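What follows is the residue order along each chain.
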Number of protein chains: 2
Amino acid sequence: MAEANALPLVVLSEQFAKLPGIGMKSAQRLAYHVMSMSDTDAKAFMDAFSAARKKVHSCRVCQNFTDREICPICSSERRDKRTICVVESPKDVTAFERTKEYKGVYHVLHGLISPIDGISPDSIRIKELLARVNDADEIIMATNPTVEGEATAMYISKLLKPFGVKVTRLAFGLPIGGMLEYADEVTLYKALENRNEI
Amino acid sequence: MAEANALPLVVLSEQFAKLPGIGMKSAQRLAYHVMSMSDTDAKAFMDAFSAARKKVHSCRVCQNFTDREICPICSSERRDKRTICVVESPKDVTAFERTKEYKGVYHVLHGLISPIDGISPDSIRIKELLARVNDADEIIMATNPTVEGEATAMYISKLLKPFGVKVTRLAFGLPIGGMLEYADEVTLYKALENRNEI
């Protein structure tokens, strides 16, 4: 390969290829792009990378990423601290915040229990959630409707039972704007099973 | 947006989104991935980035990326220095090297003339090519068969005329393994026009 002309470029390509969703071809393209960046742009990228690594960590309360000790959601006066929405990742917090409807707080697990991938209950932030239970009235299990998401929701709700807290699960059914004919069987069955009187 | 929880993460996402082929959604995912990297992995990425920026530059002869003063192709005893293949970018050198058939050397333009994008003949490495002409017997114009690629090939071959050097262009026709019925009209016309006696 002609990139052997410049070993550091091969190394950089390999580093890009390790990132999720980036194949060897894109990684090469990115490495070449880095070479064509201005010094200012390259510095901006490097600075952003190291600043994120240095300054961002988990919120002491909800475990979401933040650059403060306690994140703005957990420290906001206007959020209902007695309702905790349990999600898999910080991305899910973003999704809920976009609805602009949820007024409670969050708890980010940073993963789902998955014995096949070696992720045990101890590898995710469950004990940090248990430490918050006594301050809560309701805990909403908002993990994804996948095998791991369901299993994690079930596992955690069993742990929460002795605390006598109300544990709820997100509703599953037809997506708004979706068409019946394109819904998969499981979704349609859930929509039927959880039907509401109007 | 909940990422406002951690401004450095927003900044890093924006930096990733500036890279070619990475949209805002992937950029966010990459920024979150950076947070989950081990210190070793993060350091390896940063080191690869700065090493590529610091150590890699253009070969003094062919302008391809290299970490030496003159790249291994230009300094190889086994390459025919009197045949120069002119390409748009270092990626194209890689492509030719994969054929394992080309024994000449290269000249990388680092772009194509494109007045609409503000790329004038002075913005690409044409004068560096002209400086090499007297040492060459043949110059192969191997830019892509696009409007800009054709225009650049034409522009450069006019500049080369006074030197009396032989200037050739890559052959265009049906790709090997391709099917007649799927070939576009222009390719098929080129294949017909450039037909060879068998």
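The rules behind the values
- Residues numbered from 1 in each chain as written.
- Chains lettered and ligands numbered in written order.
- Predicted model: local features only at pLDDT ≥ 70, side-chain atom pairs only at ≥ 80, totals over all residues.
- Heavy atoms only, no water.
- Helix = DSSP H or I, 4+ residues; strand = E, 2+ residues; numbered from the N terminus.
- Rg over C-alpha atoms; globule rule 2.2 N^0.38 Å.
- Buried < 20%, exposed > 50% of the residue type's maximum accessible area, 1.4 Å probe, protein only.
- Contact = heavy atoms within 4.5 Å.
- Areas by Shrake-Rupley, 256 points an atom, 1.4 Å probe, with all protein chains shown as cover.
- Lys, Arg positive; Asp, Glu negative; His and termini not counted.
- Charge placed at Lys NZ, Arg CZ, Asp CG, Glu CD.
- Core = buried A, V, L, I, M, F, W, Y, C linked by side-chain atoms within 4.5 Å.
- Salt bridge = Lys/Arg side-chain N within 4 Å of Asp/Glu carboxyl O.
- Domains from an automatic or database assignment.
- Patch = residues over 30% accessible without salt bridge, like charges linked within 9 Å, V, L, I, M, F, W, Y side chains within 5 Å.
- 1 Å grid on protein atoms, 1.4 Å probe; cavity = no way out; pocket = protein on both sides within 12 Å on 5 of 7 lines; lining within 4 Å.
- Points joined across faces, edges and corners; volume = space filled by probe spheres on them.
- Buried area = accessible area lost by both parts, 1.4 Å probe.
- Polar contact = N/O pair within 3.5 Å; in protein donor to acceptor, adjacent residues only side chain to side chain.
- Axes fitted to C-alpha atoms, helices over the stretch in contact; angles between N-to-C directions.
- Parallel < 35°, antiparallel > 145°, perpendicular 65-115°, else oblique.
- Nonpolar A, V, L, I, M, F, W, Y, C, P; charged D, E, K, R; others polar.
- Pairing = 2+ DSSP bridges.
- Right-handed = clockwise from strand over helix to strand, strands pointing away.

Secondary structure summary: chain A contains eight helices and six strands in total. Helices and strands in chain A line up, N terminus first, as α-α-α-β-β-α-β-α-β-α-β-α-β-α. Taking 2.2 N^0.38 as the reference for a compact globule, 198 residues should give roughly 16 Å; the C-alpha atoms of chain A span a radius of gyration of 22 Å, well beyond that estimate. In terms of overall dimensions, chain A has C-alpha extents of about 70 × 45 × 35 Å along its principal axes. A total of 198 residues make up chain A; the buried ones form 41% of that total. Once local pairs closer than 6 in sequence are excluded, the contacts in chain A between residues at least 24 apart make up 47%. If you sum the accessible surface of chain A, you get close to 11400 Å²; carbon and sulfur atoms cover 56% of it. Averaging the coordinates of the 26 positive side-chain charges in chain A and doing the same for the 26 negative ones gives two points 4 Å apart.

Turning our eyes to something else, we now look at the nonpolar core. Residues A:L9, A:F16, B:F16 and B:F49 are the most contacted members of the largest nonpolar core, which totals 42 residues. Listed by contribution, the elements that provide at least two residues to this core are α1 (7–17), α2 (24–36) and α3 (39–55) of chain A together with α1 (7–17), α2 (24–36) and α3 (39–55) of chain B. Non-local contacts of A:L9, meaning those with residues more than four positions away in its chain, are made with A:A31, A:Y32, A:M35, B:A52, B:V56 and B:F65.

Residues and elements named next belong to chain B. Counted by the stated rule, this structure contains 14 salt bridges over all chains. Between R60 and E69 there is a salt bridge, with the nearest N and O atoms lying 3.3 Å from each other. A relative accessible area of 52% means that E69 is categorised as exposed. The shortest N-O distance in the salt bridge between E128 and K127 comes to 3.8 Å. The partly exposed category is assigned to E128, whose relative accessible area is 23%. On the accessibility criterion, K127 (60% relative accessible area) is exposed.

Along its sequence, chain A is carved into domain 1 (7–54) and domain 2 (80–197). If you average the C-alpha positions of domain 1 of chain A and of domain 2 of chain A, the two centres end up 35 Å apart.

Mapped onto the fold, A:S76 is located in the loop between α4 (72–75) and β3 (80–87). Since its relative accessible area comes to 19%, A:S76 is described here as buried.

All right, on to a nonpolar patch on the surface then. All names here are of chain A. A cluster of nonpolar side chains, namely L174, L180 and L188, defines an oily patch on the protein surface of about 240 Å² accessible area. Relative to the assigned elements, L174 resides in the loop between β6 (166–169) and α8 (185–193). Its relative accessible area of 35% is what places L174 among the partly exposed residues.

Its boundaries defined by the atoms lining it, the largest pocket holds a volume of some 470 Å³. As for the largest pocket, its lining consists of 19 residues, and the residues nearest its centre are B:D92, B:A95, B:F96, B:N144 and B:L170. Contributing elements (two or more residues each) for the lining of the largest pocket: α2 of chain A together with α5 (90–99) of chain B. Broken down by element, the residue count for the lining of the largest pocket peaks at seven residues, all from α5(B).

Moving on to the interface of chain A and chain B. Facing 53 residues of chain A, the contacting portion of chain B comprises 53 residues. Interface area, chain A with chain B, both sides summed: about 4800 Å², of which 71% is carbon and sulfur. Taken together, the links from chain A to chain B amount to two salt bridges. Between A:D39 and B:R53 there is a salt bridge, and its shortest N-O distance comes to 2.6 Å. Our count for the contact surface shared by chain A and chain B stands at six residue pairs in polar contact (both at pLDDT 80 or more).

Where α2(A) contacts α5(B), the axes come no closer than 10 Å and their chain directions differ by 135°. Classified by the angle their axes make, α2(A) and α5(B) are oblique. Along its contact with α2(A), which presents A:K25, A:R29 and A:Y32, the element α5(B) presents B:P90, B:K91, B:T94 and B:R98. Of the residues in the contact of α2(A) with α5(B), the class split is two nonpolar, one polar and four charged.

What follows is about the pairing of strand β4 (residues 104–108) of chain B. Residue and element names in this part refer to chain B. Of all five residues in β4, five are buried, a share of seventy percent or more. Across five bridges, strand β3 (residues 80–87) lies against β4 in parallel orientation. Across the sheet, residue V86 finds its bridge partner in β4, namely H107. Chirality of the crossover, the property in question, places the unit of β3, α5 and β4 among those that are right-handed.

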